[in-house]
Amino acid sequence: MLWIRRSSRRICAQLLPFPLAPPAASTTFNSIAKRCRFEMIHSTSRDDLQNSGISSSEPSLLPSPGSSRVHPTAIVHSQATIGERVSIGPFCSVGPGAKLGSGCTLHPNSHIFGNTHIGDNSTLFPGAIVGADIPGETVIGKNNSIGCYAVVGVKCQDLKYKDGDECFLRIGDNNDIREHASVHRSSKSTDSTIIGDSNLIMGACHIAHDVKLGNSNILANGTLLGGHVVVENCIHTGGGAAVHQFCHIGSYSFLAGGSMVDRDVPTYMMVAGNRAELRGLNLEGLRRRGFSEIEVNSLRRAYQRLFVNSDENAGGIDDRLAILDLDAKLSKVEVVLQMIQSVRDCFGENRRGLCKFRQVTGIIDNAIDIP
């Protein structure tokens with residue numbers, strides 16, 4: 001049997017199907033676990049607490065509301081708000097500013113601190129830490145999963161942050177944040193770290209202060225996003241990719257494994273290397289996302305016009321963008337217009353500039369079919 005504080009032994013004795021005496025030396029941990037199983041988690045009513053002689057105001061033994069189940073070794077503050085059908089496992093802690101929506105599950109040894117709101121049907125796996133006892137708040141939407149030993153909504157690692165300043169984290173719905181990932185709050189009260197919906201953030205990823213991460217992105221293991229990075233929608237990174245602070249990553253782009261990205265990546269592009277260079281369009285990603293053959297071929301032709309020199313007098317990138325604007329066919333394709341605008345935005349104010357690209361001299365493939 002797991003050892004429990006003396007103050008809670010009496011109520012545990014009422015709930016457990018076997019006495020609290022120490023196990024015999026020959027008893028193995030596995031045999032104890034089989035006897036305990038999940039029967040150790042029960043609803044604790046105020047009557048149970050009163051009959052046990054323990055005050056219901058004691059934060060460590062808060063009765064679970066409704067049909068929620070709180071393990072007797074969990075510490076839940078009396079001011080915490082717990083929804084219906086919430087399951088709080090062994091050795092968890094829930095602070096006074098926490099609000100848990102209905103159907104949430106806290107696996108053993110997971111913890112919620114500070115002013116933290118977690119939406120319905122979210123899950124914290126063993127060792128997860130969400131929130132911090134600092135000014136500001138962490139707000140997490142519905143159907144989110146926080147993996148083992150992930151740290152979400154804690155103080156940022158920016159030296160400009162001043163103790164006592166409010167800082168914020170906003171996370172949408174249906175995100176899967178895997179084991180050992182870290183997501184930090186903003187560095188100042190006028191900004192927020194924001195994660196959208198339906199993102200997969202794999203193990204050991206880091207999302208720094210003030211990052212803006214859109215929807216339906218896939219960050220492979222060990223991806224690192226520096227402070228103030230903006231990631232649009234539907235991007236994919238390979239393992240170990242790193243993005244310099246203040247960079248902008250366009251939608252449907254791909255960052256190859258190990259890429260060190262120190263400048264902006266336009267929409268639909270693929271980059272690789274240290275420092276990352278353009279390596280063409282993310283063609284496979286576009287096909288997987290359902291882009292039509294006409295759209296893909298139009299993007300290929302536009303990319304060649306921009307980055308493949310068929311003429312020594314083709315001019316700089318601005319000249320080529322201007323030529324694309326006048327193209328009778330390409331200028332009518334929406335995805336091409338989006339790519340052109342994304343490239344132009346890389347040279348905007350407070351942007352890091354377009355990532356490196358090789359000045360390739362070749363023949364433009366006129367066989368690409370564009371109706």
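Here, every reference points to the structure presented above.
Conventions used here
Residues numbered from 1 in each chain as written. Predicted model: local features only at pLDDT ≥ 70, side-chain atom pairs only at ≥ 80, totals over all residues. Heavy atoms only, no water. Pairing = 2+ DSSP bridges. Helix = DSSP H or I, 4+ residues; strand = E, 2+ residues; numbered from the N terminus. Phe/Tyr/Trp six-rings, centres within 6.5 Å; stacked < 30°, edge-to-face > 60°. Buried < 20%, exposed > 50% of the residue type's maximum accessible area, 1.4 Å probe, protein only. Core = buried A, V, L, I, M, F, W, Y, C linked by side-chain atoms within 4.5 Å. Contact = heavy atoms within 4.5 Å.

A.B. asks: Can you lay out the pairing of strand 30 (residues 269–272) for me, pointing to particular residues and giving the numbers?
C.D. replies: When strand 28 (residues 254–255) meets strand 30, the two strands line up parallel, connected through two bridges. Within the sheet, the bridge partner assigned to L255 lies in strand 30 and is V271. If you look at the hairpin formed by strand 30 and strand 31 (residues 277–281), you'll find four residues sitting between the two strands, and G273 has a positive phi there, around 105°.

A.B. asks: Tell me about the packing of aromatic side chains, and please be specific about residues and values.
C.D. replies: This structure, assessed with the given rule, holds five aromatic pairs. For the pair Y252 and Y268, a centre-to-centre distance of 5.8 Å together with 20° between the ring planes defines the contact as stacked. One end of the pair, Y252, is in the loop between strand 27 (248–249) and strand 28; the other, Y268, is in the loop between strand 29 (260–261) and strand 30, and 16 residues separate them in sequence. A centroid spacing of 5.0 Å and a plane angle of 85° characterise the contact between Y252 and F291, whose relative ring orientation is edge-to-face. One end of the pair, Y252, is in the loop between strand 27 and strand 28; the other, F291, is in the loop between helix 4 (283–288) and helix 5 (293–307), and 39 residues separate them in sequence. On the accessibility criterion, F291 (15% relative accessible area) is buried.

A.B. asks: Just give me the short version of the pairing of strand 31, but keep the residues and values in it.
C.D. replies: Where a strand is regular, its side chains alternate between the two sheet faces. Burial analysis of strand 31 places four of its five residues in the buried class, the great majority of the element. Pairing between strand 30 and strand 31: three bridges, direction antiparallel. Residue pairing for strand 31: M269 is matched across the bridge by L281.

A.B. asks: Explain the nonpolar core residue by residue, including any values.
C.D. replies: If you look at the biggest cluster of nonpolar residues, it comprises 72 residues, and the most contacted ones within it are I88, V152, I201, I207, L213 and M269. Of all the elements in the fold, those that place two or more residues in this core are strand 15 (167–171), strand 30, strand 31, helix 5, helix 6 (317–326) and helix 7 (334–345). Element by element, the count of residues in this core is highest for helix 5, at six residues. When sequence neighbours within four positions are dropped, the list of residues in contact with I88 reads R69, V70, H71, A74, V76, I82, V94, L100 and L106.

A.B. asks: Provide a residue-level description of unusual backbone geometry, including the pertinent values.
C.D. replies: Omega for the peptide link from N274 to R275 comes to -5°, which places this bond in the cis form. Its place among the elements puts R275 in the loop between strand 30 and strand 31. One non-glycine residue, Y149, adopts positive backbone phi at about 60°. As for its position among the elements, Y149 is in the loop between strand 13 (145–146) and strand 14 (151–154). In this structure, D210 is a non-glycine residue whose phi angle is positive, near 65°. Tracing the chain through its elements places D210 in the loop between strand 20 (206–207) and strand 21 (212–213).

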